[in-house]
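Per-entry structural report
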Amino acid sequence: MPLHTLYNQMTDEELVRYSLHDENAFYILMKRYEPALLRYINRIMQASREEAEDLLQEIFIKVYRNINGFDINLKFSTWLYRIAHNEVISQYRKNRRYRSSLNIDDAVNDSRLLVNFLTDTFNMESDYLVREMGVEVKKVLEKLAPKYRDVLVLRYLEELSYEEISDIIQKPSGSVATLLNRAKEKFKKLAEQYQLERK
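Residues numbered from 1 in each chain as written. Predicted model: local features only at pLDDT ≥ 70, side-chain atom pairs only at ≥ 80, totals over all residues. Heavy atoms only, no water.

Observations concerning the pattern of salt bridges
- For the coordinates displayed, the defined rule picks out six salt bridges.
- The partner of Glu158 in a salt bridge is Arg43, and the shortest N-O contact between them spans 2.8 Å. Here Glu158, found in the loop between helix 9 (146–157) and helix 10 (162–169), pairs with Arg43, found in helix 3 (residues 23–45); they are 115 residues apart in sequence, far enough to count as distant. In terms of burial, Glu158 and Arg43 fall into one category: buried. (Salt bridge = Lys/Arg side-chain N within 4 Å of Asp/Glu carboxyl O. Helix = DSSP H or I, 4+ residues; strand = E, 2+ residues; numbered from the N terminus. Buried < 20%, exposed > 50% of the residue type's maximum accessible area, 1.4 Å probe, protein only.)

Below is the structure:
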């Protein structure tokens, strides 16, 4: 069996071990997570494609440089998101010009993933309404402070557990729950301000 095919069948954690000796294993890891991380970057920053790809490269460089320090008690995906989270927030704080116009296609695609959030926040049941509101919801998310937008994205768009978010943002699970509740409150106030509930 070719090595490339063998690597594709390995778990993330197995690939991490091989990455210490073989760059091809790391390449497979990068390809495995590239689409998800690009989406995550755009959900948080609304960067241009070129800016998002540049930032992704920075994230992968940091991952490669620190792979020896990977904590085997963590899932690799959680550790990777932690590095991505820190880098995205750092770049956002340094250079707010990364925020650009909303990508409508991405907003519509994300709307289905926002069903749980919308149902919980507005008691909405209509899939049609959720779909129609996807773009408006993304616009409201953009108005939130990064710490609130980030936890909402991690929970409802990336669909991560409280424990995974806790590991990524390095706060206790109880703090994550509190932050999410505050984020929902802030979102609801902004939604009312933008008359989202009346759509």
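Continuing now.
A word on the environment of Tyr7
- With respect to the element layout, Tyr7 can be found in helix 1 (residues 3–8).
- The class of Tyr7 is buried, set by a relative accessible area of 3%.
- Residues Tyr7 and Leu29 lie 22 residues apart in sequence; the distance between their C-alpha atoms is 9.1 Å.
- Apart from the residues lying within four places of it in its own chain, the contact partners of Tyr7 are Leu15, Tyr18, Asp22, Asn24, Ala25, Ile28 and Arg32.
- Among the polar contacts listed, one links the side chain of Tyr7 to the side chain of Asp22, at a separation of 2.7 Å. (Contact = heavy atoms within 4.5 Å. Polar contact = N/O pair within 3.5 Å; in protein donor to acceptor, adjacent residues only side chain to side chain.)

Observations concerning the packing of helix 3 against helix 4 (residues 49–66)
- As a packed pair, helix 3 and helix 4 sit with axes 9 Å apart at the nearest point and diverge in direction by 135°. With respect to their mutual orientation, helix 3 and helix 4 come out oblique. The chirality of how helix 3 crosses helix 4 is right-handed. Between helix 3 and helix 4, the residues in contact are Glu23, Phe26, Met30, Glu34, Leu37, Leu38, Ile41, Asn42 and Met45 and Ala52, Glu53, Leu55, Leu56, Ile59, Phe60, Val63 and Tyr64, respectively. (Axes fitted to C-alpha atoms, helices over the stretch in contact; angles between N-to-C directions. Parallel < 35°, antiparallel > 145°, perpendicular 65-115°, else oblique. Left-handed = near helix turned anticlockwise from the far one by under 90°.)

Examining helix 3
- Maximum bend of helix 3: about 45°, positioned at Glu34, with proline Pro35 one to four residues after it.
- Its side-chain oxygen placed 2.9 Å from the backbone nitrogen of Asn24, Asp22 serves as the N-cap of helix 3. (Bend = angle between axes of the 7 residues up to and from the residue.)

Quick notes on a positive patch on the surface
- On the surface, Lys147, Lys171, Arg182, Lys186 and Lys189 cluster together into a positively charged patch.
- Along the chain, the position of Lys171 falls in the loop between helix 10 and helix 11 (173–193).
- For Lys171, a relative accessible area of 41% translates into the label partly exposed. (Patch = residues over 30% accessible without salt bridge, like charges linked within 9 Å, V, L, I, M, F, W, Y side chains within 5 Å. Areas by Shrake-Rupley, 256 points an atom, 1.4 Å probe, with all protein chains shown as cover. Lys, Arg positive; Asp, Glu negative; His and termini not counted. Charge placed at Lys NZ, Arg CZ, Asp CG, Glu CD.)

Overview of the side chain of Ser166
- If you trace the backbone, Ser166 turns up in helix 10.
- For Ser166, a relative accessible area of 11% corresponds to the buried category.

Comments concerning the environment of Asp150
- Here Asp150 lies in helix 9.
- Accessibility expressed as a relative area gives 2% for Asp150, which makes it buried.
- Note: C-alpha distance between Asp150 and Tyr40 (110 residues apart in sequence) is 9.4 Å.
- Ignoring any residue separated from it by four or fewer positions in sequence, one finds Asp150 in contact with Tyr40, Ile44, His85 and Ile89.
- Within the structure, Asp150 has its side chain in polar contact with the side chain of Tyr40 (distance 2.9 Å).

Some points on the nonpolar core
- One finds Leu37, Ile59 and Phe76 to be the most contacted residues of the largest nonpolar core, which totals 56 residues.
- Elements with a minimum of two residues in this core: helix 2 (12–19), helix 3, helix 4, helix 5 (76–94), helix 8 (127–143), helix 9, helix 10 and helix 11.
- It is helix 3 that provides the largest number of residues to this core, a total of 13 residues.
- Look past the residues within four positions of Leu37 in its chain and what remains in contact with it is Leu56, Ile59, Phe60, Leu80, Tyr81 and Ala84. (Core = buried A, V, L, I, M, F, W, Y, C linked by side-chain atoms within 4.5 Å.)

Section: unusual backbone geometry
- Phi angles above zero are rare outside glycine, and Glu159 is one such case at about 60°.
- For Glu159, a relative accessible area of 53% puts it in the exposed group.
- The phi dihedral of Gln170 falls on the positive side, at around 55°, and the residue is not glycine.
- Examined against the element boundaries, Gln170 turns out to sit in the loop between helix 10 and helix 11.
- Look at Gln170 and you get exposed, because its relative accessible area is 54%.

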